[in-house]
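Observations on the model geometry
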Amino acid sequence: QVQLVESGGGLVQPGGSLRLSCAASGIIFSHNHMGWYRQPPGKQRELVAVITNGESTNYADSVKGRFTISRDNAKNTVYLQMNSLKPEDTAVYYCNTVIRRSNWFPSSDSWGQGTQVTVSS
């Protein structure tokens, strides 16, 4: 079963940057597509970025041009570089393996604890 540990969150001012990390175990990491999700307070979890096992990327419109997803297969880790952060980016951020159907969906029911990102002055 996949195990996911997210880190790197914190409090940042609008316009600032953060880099999130997600370490995965229990899977052949390089074979898997990976996604970053976020859950704002009182709202549903949403997918913000995907990186395929071939390193193609896909972003939600709300973060396009500001966030960059990347992966290091040697470290079994996926990253999310977040620049030009806005208060509406405030959320708990999670990663998961993802699978493509009509859209991208999490392929595991096993979620990590997430990492809190708060954007506020």
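Now for a look at the structure at hand.

Calculation rules
Residues numbered from 1 in each chain as written. Predicted model: local features only at pLDDT ≥ 70, side-chain atom pairs only at ≥ 80, totals over all residues. Heavy atoms only, no water. Core = buried A, V, L, I, M, F, W, Y, C linked by side-chain atoms within 4.5 Å. Buried < 20%, exposed > 50% of the residue type's maximum accessible area, 1.4 Å probe, protein only. Helix = DSSP H or I, 4+ residues; strand = E, 2+ residues; numbered from the N terminus. Contact = heavy atoms within 4.5 Å. Salt bridge = Lys/Arg side-chain N within 4 Å of Asp/Glu carboxyl O.

Time to look at the nonpolar core. The biggest cluster of nonpolar side chains holds 27 residues, and the ones touching the most others in it are Trp-36, Ile-69, Val-78, Leu-80, Met-82 and Tyr-93. Mapped by element, the contributors of at least two residues to this core are strand 3 (18–25), strand 4 (33–39), strand 5 (46–51), strand 7 (67–72), strand 8 (77–82), strand 9 (91–100) and strand 11 (115–119). The greatest single-element share of this core, amounting to 4 residues, is contributed by strand 3. Residues within four places of Ile-69 in sequence aside, it is in contact with Met-34, Trp-36, Ala-49, Val-50, Ile-51, Thr-57, Tyr-59, Val-78, Tyr-79 and Leu-80. One finds Val-50, Val-92, Tyr-94 and Trp-104 within the second-largest nonpolar core, a separate group that totals 6 residues.

What follows covers the pattern of salt bridges. Across all of its chains, the model carries 4 salt bridges by this definition. In this structure, Arg-38 and Glu-46 form a salt bridge, with 2.7 Å as the shortest nitrogen-oxygen distance. With a relative accessible area of 30%, Glu-46 lands in the partly exposed category. A salt bridge links Lys-64 to Asp-61; its shortest N-O distance comes to 3.1 Å. Judged by its relative accessible area of 48%, Lys-64 is partly exposed. Of the residues examined, Asp-61 reaches a relative accessible area of 66% and is grouped as exposed. A cluster of three or more residues bridged by salt bridges with shared partners is formed by Arg-38, Glu-46, Arg-66 and Asp-89.

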